[in-house]
Amino acid sequence: MALREQQVVAPDTAHAAVQTDAVEAPPLPAAEPSAAPSSEPSSESSVEEEEGPVRKRRKKALDLLAYARRGQPRGKLWLVKVIGQLYADKAVADAVADRAGQQRSAMPDFIFTWHLNSVLALFPEGEDAQPLVRSSLVMEGLKAVFSSLVKESLKAVFRKFVETWGSVASKGMDAVKKELGDMIADECTFKADGVLYTKDLKGKAAIMQALEREHAKYEHKTYYPVAVAADDTHNIAFVGVAWEYKNVGPLKEGAQPSGNTSRGFSIKQLTFHPRSGKLTESRVNRQMTAEEQQELLAPGAKCQPADVFGDVLPKLGWGAQQASEQNPPVADAEFAERMSSSLKTWVQCWSSDADLDQLNKVLDPALMAYDAYGLHHAADKPQREGHAISMMGRDDARAAIEGLHKKFTDRNKLLSSAVNPDQRVAFDHWKGEAKGKDSSARFEAEGVDMLLFNAEGQITTLVQFDMQDYSKQLRGAAAAAPEGRNV
């Protein structure tokens with residue numbers, strides 16, 4: 001199944017090549033396929049008859065659009081023919097791109113480009129272009145609809161992967177391994193966060209072994225994707241997972257399982273191959289269980305992870321407060337753009353050259369930021385001990401950034417992100433580098449966050465997994481954890 005769709009321009013055609021789920025690219029045809037043209041071809045089309053299947057199809061497209069331009073009634077038959085023409089043109093453009101060794105573009109971009117390139121020929125120089133403007137706005141709407149459908153398809157795939165991973169207790173290990181085996185690419189990599197996981201896992205076999213180890217140590221009482229957001233441009237999705245693990249096996253040789261149940265939250269960042277639809281990379285940031293804290297924390301170290309279950313998940317409709325606190329569906333492209341803009345501004349504001357006044361626009365005055373690992377702010381802010389709240393309010397957030405900028409020259413970069421306006425939730429993956437202004441000190445940091453938004457597109461809540469050097473809190477910066485201990 002094609003999941004990511006990248007835009008290119010085919011060398012022999014004026015419109016972009018496309019890859020979609022519905023049509024696989026055939027070999028480059030030697031003759032024109034039998035797509036049904038309009039029953040009333042236009043005599044107004046100014047396109048000359050040119051040899052080659054691509055240009056013949058463009059002529060047919062012009063005929064259909066010219067027929068529509070004359071203002072005649074257009075029923076279901078006309079719509080079916082236009083859709084058929086689109087997919088036929090797409091198949092030919094795909095074949096041209098494949099033969100040229102180029103990648104294909106997304107269906108939304110293809111539709112828009114196909115429309116503009118075709119309809120421009122219908123408006124001689126000096127003629128009123130208002131019909132073009134109006135029809136282009138319609139095509140922008142269609143483009144947004146197709147993009148939304150692709151994102152929904154992505155989210156469904158990612159959600160299925162997460163649910164399958166946690167379903168060993170109900171389906172059995174063999175069944176789960178078979179399902180996951182069909183979803184994971186042979187060359188897949190599970191990226192370590194450097195906190196709980198110290199080494200990357202490479203290859204399907206290593207990942208399956210990690211699955212066995214994880215479920216041998218922890219029974220997944222709950223493993224549910226509470227929030228999903230997808231970026232169809234880069235074929236990436238983020239999944240926020242609520243989990244409850246019962247310790248049923250030893251974390252290390254000779255230890256006894258506690259039998260206790262821990263609950264927490266994790267964020268999975270998943271990337272699938274654009275053509276095979278199989279998982280090629282995964283990054284997991286997860287809160288520690290009680291047993292992991294006991295095993296990994298250095299003597300005297302503080303760890304106060306946020307209670308995401310109690311403080312954050314109810315805002316996403318999780319638990320007893322679901323009926324009263326679940327956000328209503330938004331499904332609005334403009335709102336999604338506001339969310340995305342707020343997210344990007346927030347990440348950019350951590351760079352030294354940023355305008356911090358922009359925080360007033362993108363942060364809710366009552367912002368709450370939660371330290372998911374419980375390691376970053378516990379030692380720095382003892383007055384909040386036990387709460388794992390790194391920032392309380394917009395002013396506090398600005399003060400934290402200003403404090404960093406006074407000591408360091410910082411450069412922050414957004415690596416990836418995705419928004420889901422229906423849930424008013426977004427995720428980001430960022431990386432920063434800071435150099436001391438009055439010293440030789442320097443450090444790098446990386447993080448993955450979940451962000452919640454209000455109705456104005458301002459950030460109200462942050463759940464932060466900051467991947468930093470925690471060597472003072474963890475034994476050997478989690479180096480004691482064996483490779484692939486959990487995933």
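Residues numbered from 1 in each chain as written. Predicted model: local features only at pLDDT ≥ 70, side-chain atom pairs only at ≥ 80, totals over all residues. Heavy atoms only, no water.

Colleague: How would you summarise the overall build of the protein if you had to cite specific residues and measurements?
Modeller: When its secondary structure is counted, the protein shows 13 helices and 14 strands. Across the 487 residues that make up the protein, the buried fraction comes to 53%. Intrachain contacts of the protein at a sequence separation of at least 6 include 69% that bridge at least 24 residues. Surface summary for the protein: the accessible area is close to 22,300 Å², and the carbon and sulfur share equals 50%. (Helix = DSSP H or I, 4+ residues; strand = E, 2+ residues; numbered from the N terminus. Buried < 20%, exposed > 50% of the residue type's maximum accessible area, 1.4 Å probe, protein only. Contact = heavy atoms within 4.5 Å. Areas by Shrake-Rupley, 256 points an atom, 1.4 Å probe, with all protein chains shown as cover.)

Colleague: Give me the sheet that holds strand β10 (residues 389-392): which residues, what numbers.
Modeller: Across the sheet, six strands lie side by side as β10-β9-β14-β13-β12-β11; this open sheet has mixed pairing. Because the sheet does not close on itself, it has two edges, and the strands there are β10 and β11 (408-420). With strand direction ignored, the average angle separating the axes of adjacent strands in the sheet is 20 degrees. In this sheet, strand β13 (residues 442-453) lies alongside strand β12 (residues 425-436) in antiparallel orientation, the contact comprising 11 bridges. Residue Ala-434 lies in a different strand from β13, and its bridge partner there is Phe-443. Across the face of the sheet, helix α11 (residues 333-348) comes into contact with β9 (363-371), β10, β11, β12, β13 and β14 (459-467) while running at roughly 160 degrees to β11. (Pairing = 2+ DSSP bridges. Axes fitted to C-alpha atoms, helices over the stretch in contact; angles between N-to-C directions.)

Colleague: Describe the nonpolar core, and please don't skip the residues or the numbers.
Modeller: Counting 41 residues, the largest nonpolar core has Phe-265, Leu-375 and Met-450 as its most contacted members. At the level of elements, β5 (218-231), β6 (236-247), β7 (261-272), α9 (308-311), β9, β12, β13 and β14 are the ones that each hand at least two residues to this core. Dropping the residues within four chain positions of it, Leu-375 is found in contact with Val-195, Met-288, Leu-297, Lys-302, Cys-303, Tyr-470, Gln-473 and Leu-474. Core analysis: the second largest hydrophobic core is formed by 30 residues, Val-157, Phe-190, Val-239 and Leu-270 among them. (Core = buried A, V, L, I, M, F, W, Y, C linked by side-chain atoms within 4.5 Å.)

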